[in-house]
Amino acid sequence: AFKNQTFENSGRANTYSRSGVSGIGPRIKYQPFKNKANINFLHTVYFVPMNDAEGNANYGYTDYNYFQIFNQIFFEKELSAQRRLFFDFGLHFENIRIGAHRNYEHFTPIQLPITGIYNYFPNSQTTIYGLGTFGQRVDLNFNPDTDTKLSYNLYGQIGGGFKYIIGNILEIEALYTYFLTGSFSRRAHTFNIGLRFFKW
């Protein structure tokens, strides 16, 4: 069941509350080369069970309406006993609607992000890391009355964080990231704290 609350005028901007499952689907991860354990592929397909996920004048945006395909290549390199380098190369297709270019006004973003993470392990319980992402986004804009149009956008992020293991079952993580677009006109900051429970 989904809970929807229509827009309310707060005096400054419209606000809304909406909750539900915006994506569900299968994923497969595998090692393509037997002698290269540090290279792995991951493929994910997300279907959107929520009705009108992109929202309208009453409910607001939650996610794209149509299915998404994410392809990732993971590469990890051990520099020393205390230092490790990790890369994530992506090719993502979002908001895919079959036949959109023939009958509907629609757009499909294609993203090519590259993320690098440098990890430092001062001891067995602590990880300190820095990360950076550079991405190219291409929007395919379909319109039944005009030719397909392309638009390009760059984006990126930089950040850093740490992880600390408490006992043998709990890991705490803090992360700060700074996001920006290619035009540098839009910027954002995120501060994240997470807990991870595990069993050896």
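Only a predicted model underlies this, so the values are computations on that prediction, with no experimental measurement involved.

*Asks:* Hey, could you run me through the side chain of Thr 133 in this one?
*Replies:* Mapped onto the elements of the fold, Thr 133 is located in strand 8 (residues 126–142). At 2.8 Å, the side chain of Thr 133 and the side chain of Thr 115 are in polar contact. Contact partners of Thr 133, with chain neighbours within four places excluded, come to Pro 113, Ile 114, Thr 115, Tyr 155, Gly 156 and Gln 157.

*Asks:* Got a minute to help me understand the side chain of Glu 173 in this structure?
*Replies:* Looking at the element boundaries, Glu 173 is found in strand 10 (residues 170–181). When its relative accessible area of 16% is taken as the criterion, Glu 173 is described as buried. One polar contact links Glu 173 to Tyr 129, side chain to side chain, over a distance of 2.5 Å. In this structure Glu 173 touches Tyr 129, Phe 162, Lys 163, Asn 192, Ile 193, Gly 194 and Arg 196, once residues within four positions along its chain are discounted.

*Asks:* What should I look at first to understand the pattern of salt bridges in this one?
*Replies:* Any two side chains of opposite charge can pair, so long as their charged atoms come close to each other. Within this structure, the stated rule accounts for 5 salt bridges. Between Arg 137 and Asp 139 there is a salt bridge; the shortest N-O distance is 2.8 Å. Owing to a relative accessible area of 22%, Arg 137 belongs among the partly exposed residues under this scheme. Among the residues examined, Asp 139 registers a relative accessible area of 9% and is labelled buried.

*Asks:* Help me understand the confidence of the model for the protein in this model?
*Replies:* Low-pLDDT stretches of the model should not have their predicted coordinates read in fine detail. Per-residue pLDDT for the protein averages 85, and the proportion of residues at 70 or more is 84%. Within the protein, strand 4 (residues 39–46) carries the highest mean pLDDT (96), whereas strand 1 (residues 3–9) carries the lowest (52).

*Asks:* So what exactly am I meant to see when it comes to the layout of surface pockets here?
*Replies:* Rolled over the atoms, a probe sized like a water molecule indicates the empty space that remains. The computed volume of the second largest pocket comes to approximately 280 Å³. Of all the secondary-structure elements, those providing two or more residues to the lining of the second largest pocket are strand 6 (83–96), strand 7 (106–123), strand 8, strand 9 (149–166) and strand 10. Top element by residues in the lining of the second largest pocket is strand 7. It accounts for 4 residues. Split by residue class, the lining of the second largest pocket holds 5 nonpolar, 6 polar and 6 charged.

*Asks:* Just to check I follow, could you spell out the pairing of strand 7 for this structure?
*Replies:* Looking along a regular strand, one sees the side chains alternate between the two faces of the sheet. Pairing of strand 6 with strand 7 involves 9 bridges; the strand directions are antiparallel. By the bridge assignment for strand 7, Phe 86 is matched with Ile 117. Summarising the sheet, strand 7 and strand 8 pair through 16 bridges and their orientation is antiparallel. Note that in strand 8 the partner of Thr 115 across the bridge is Thr 133. A loop of 2 residues connects strand 7 with strand 8, the two strands running antiparallel in sequence.

*Asks:* It is not clear to me how the sheet that holds strand 10 should be interpreted in this structure. Could you clarify?
*Replies:* Two strands in a sheet stick together by hydrogen bonds in their backbones, pointing the same way (parallel) or opposite ways (antiparallel). Strand order in the open sheet made by the 9 strands is 3-4-5-6-7-8-9-10-11, with antiparallel pairing throughout. Of all strands in the sheet, those bounded by a partner on one side alone are strand 3 (27–30) and strand 11 (187–197). Within this sheet the neighbouring strands show an average axis-to-axis angle of 15°, counted without direction. Where strand 5 (residues 67–78) meets strand 6, 11 bridges bridge the pair, whose relative direction is antiparallel. Across the sheet, the residue bridging to Lys 77 is Leu 85, located in strand 6.

*Asks:* When you look at a nonpolar patch on the surface in this model, what are you seeing that I'm missing?
*Replies:* Among the surface-exposed residues, Ile 128, Phe 162, Tyr 164 and Ile 166 lie close enough to one another that they form a single nonpolar patch of about 350 Å² accessible area. The greatest single-element share of the nonpolar patch, amounting to 3 residues, is contributed by strand 9. Relative to the elements of secondary structure, Ile 166 occurs in strand 9. A relative accessible area of 42% places Ile 166 in the partly exposed class.

*Asks:* How do you make sense of the packing of aromatic side chains when you look at a structure like this?
*Replies:* Here a ring pair, both rings aromatic, is described through the centre-centre distance and the interplanar angle of the planes. Under the defined criterion, the tally for this structure stands at 7 aromatic pairs. Between Tyr 30 and Phe 41, the aromatic rings sit 5.6 Å apart at their centres with planes inclined by 45°, giving tilted as the arrangement. Placement of the pair is Tyr 30 in strand 3 and Phe 41 in strand 4, with a sequence separation of 11 residues. The class for Tyr 30 is partly exposed, based on a relative accessible area of 33%. Between Tyr 176 and Phe 191, the ring centres sit 5.1 Å apart and the planes meet at 45°, which makes this aromatic pair tilted. You can see Tyr 176 sitting in strand 10 and its partner Phe 191 sitting in strand 11, a full 15 residues away along the chain. Since its relative accessible area comes to 68%, Phe 191 is described here as exposed. The positively charged end of Lys 163 is found above the aromatic ring belonging to Tyr 129, 5.8 Å away from the centroid.

Reading guide: rules and limits
- Residues numbered from 1 in each chain as written.
- Predicted model: local features only at pLDDT ≥ 70, side-chain atom pairs only at ≥ 80, totals over all residues.
- Heavy atoms only, no water.
- Helix = DSSP H or I, 4+ residues; strand = E, 2+ residues; numbered from the N terminus.
- Polar contact = N/O pair within 3.5 Å; in protein donor to acceptor, adjacent residues only side chain to side chain.
- Contact = heavy atoms within 4.5 Å.
- Buried < 20%, exposed > 50% of the residue type's maximum accessible area, 1.4 Å probe, protein only.
- Salt bridge = Lys/Arg side-chain N within 4 Å of Asp/Glu carboxyl O.
- pLDDT = per-residue confidence, 0-100.
- 1 Å grid on protein atoms, 1.4 Å probe; cavity = no way out; pocket = protein on both sides within 12 Å on 5 of 7 lines; lining within 4 Å.
- Points joined across faces, edges and corners; volume = space filled by probe spheres on them.
- Nonpolar A, V, L, I, M, F, W, Y, C, P; charged D, E, K, R; others polar.
- Pairing = 2+ DSSP bridges.
- Axes fitted to C-alpha atoms, helices over the stretch in contact; angles between N-to-C directions.
- Patch = residues over 30% accessible without salt bridge, like charges linked within 9 Å, V, L, I, M, F, W, Y side chains within 5 Å.
- Areas by Shrake-Rupley, 256 points an atom, 1.4 Å probe, with all protein chains shown as cover.
- Phe/Tyr/Trp six-rings, centres within 6.5 Å; stacked < 30°, edge-to-face > 60°.
- Lys NZ or Arg CZ within 6 Å of the ring centre and 35° of its normal.

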